[in-house]
Amino acid sequence: VPWPLTLTPRQRAALKAMAGLMLPADSHSPSAAALPIDAFLDEWVSAPYPQQREDRALVLSGLQWLDADCVRRFGARFAAISDDQRRQVFDTVAYKDRVAPGLEKPAQFFARLRALMLGGFYSLPEGMADIGYLGNKPMAGDYPGPTPEALAHLNAGLAKLGLKPV
């Protein structure tokens, strides 16, 4: 990337561990921990754009909180504790309706990081295969145009805007 990366190896190891719990392997996809999600997140939070700057502050402070909480509870940083212990930490911030007072910012960190991990996972070939996304594939012959359902959806949207249907 054309900008310096932000995250340390320890922070990236924590992200890999988080990725494995958030997106575990299943019968048709590998665990996100087996993919370069940490590299995606490092590039994202290192980018010089406004949204990424906001995310950088949130992610860096969240990772700091995460390690401090794990050291306080379990005597080791997040990447060094068991998956059961990691789930205990996640459970304190993962559910909006169960966030304890004082943990609002860590909960915001968790929610944003979860969204970024999903975005990173589903932008990789393994994630695209998981949802059956084919991408831009060449089509032989003339383009048949949109399906009747797609055309009806488009025309309904145009009508709402007061625009002429196609």
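Residues numbered from 1 in each chain as written. Predicted model: local features only at pLDDT ≥ 70, side-chain atom pairs only at ≥ 80, totals over all residues. Heavy atoms only, no water.

1. Some points on the overall build of the protein
Step number 1: Of the regular secondary structure elements, the protein holds seven helices and zero strands.
Step number 2: Counted from the first residue to the last, the protein has its helices and strands arranged as α-α-α-α-α-α-α.
Step number 3: Here the protein has a C-alpha radius of gyration of 21 Å; the compact-globule value for 166 residues is 15 Å, and the former is much larger.
Step number 4: In terms of its C-alpha atoms, the protein occupies a principal-axis envelope of roughly 65 × 35 × 35 Å.
Step number 5: A buried classification covers 33% of the 166 residues belonging to the protein. (Helix = DSSP H or I, 4+ residues; strand = E, 2+ residues; numbered from the N terminus. Rg over C-alpha atoms; globule rule 2.2 N^0.38 Å. Buried < 20%, exposed > 50% of the residue type's maximum accessible area, 1.4 Å probe, protein only.)

2. So, helix α5 (residues 104–123)
Because an α-helix completes one turn every 3.6 residues, residues spaced three or four positions apart along the sequence face the same direction.
Step number 1: Compared with the 28 Å implied by 1.5 Å per residue over 20 residues, the 29 Å span of α5 between its first and last C-alpha is a close match.
Step number 2: Looking only at α5, the buried set comprises P106, A107, F109, F110, L113, L116, M117, G120 and F121.
Step number 3: Buried residues along α5 sit against α1 (9–22), α2 (37–46), α3 (50–74), α4 (83–93) and α6 (125–130). (Expected span 1.5 Å × (residues − 1). Contact = heavy atoms within 4.5 Å.)

3. A closer look at α4
Step number 1: Those residues of α4 that fall on the buried side of the exposure criterion are R86, V89, F90 and V93. Each buried residue of α4 lies within a common arc of 100° when the element is viewed along its axis, so the set occupies one face.
Step number 2: Summarising the contacts, the buried residues of α4 are in contact with α1, α3 and α5. (Arc of directions from axis to C-beta.)

4. Structural notes on the packing of aromatic side chains
Aromatic ring pairs are defined here through the distance separating the ring centres and the angle between the ring planes.
Step number 1: Enumeration over the complete set of coordinates arrives at five aromatic pairs.
Step number 2: Summarising the aromatic geometry, the rings of W3 and Y49 are spaced 5.7 Å apart at their centres and angled 90° between planes, so their arrangement reads as edge-to-face. With a gap of 46 residues between them, W3 in the segment before α1 and Y49 in the loop between α2 and α3 connect regions that are remote in the sequence.
Step number 3: By way of ring pairs, the aromatic residues F78, F90 and F110 are connected into one cluster.
Step number 4: Above the face of the F78 ring, R86 is positioned so that its terminal group lies 5.3 Å from the ring centre.
Step number 5: For R98, the ring lying beneath its charged end belongs to Y95, and the centroid distance is 4.1 Å. (Phe/Tyr/Trp six-rings, centres within 6.5 Å; stacked < 30°, edge-to-face > 60°. Lys NZ or Arg CZ within 6 Å of the ring centre and 35° of its normal.)

Such coordinate-based values are descriptive only and should not be taken to indicate function.
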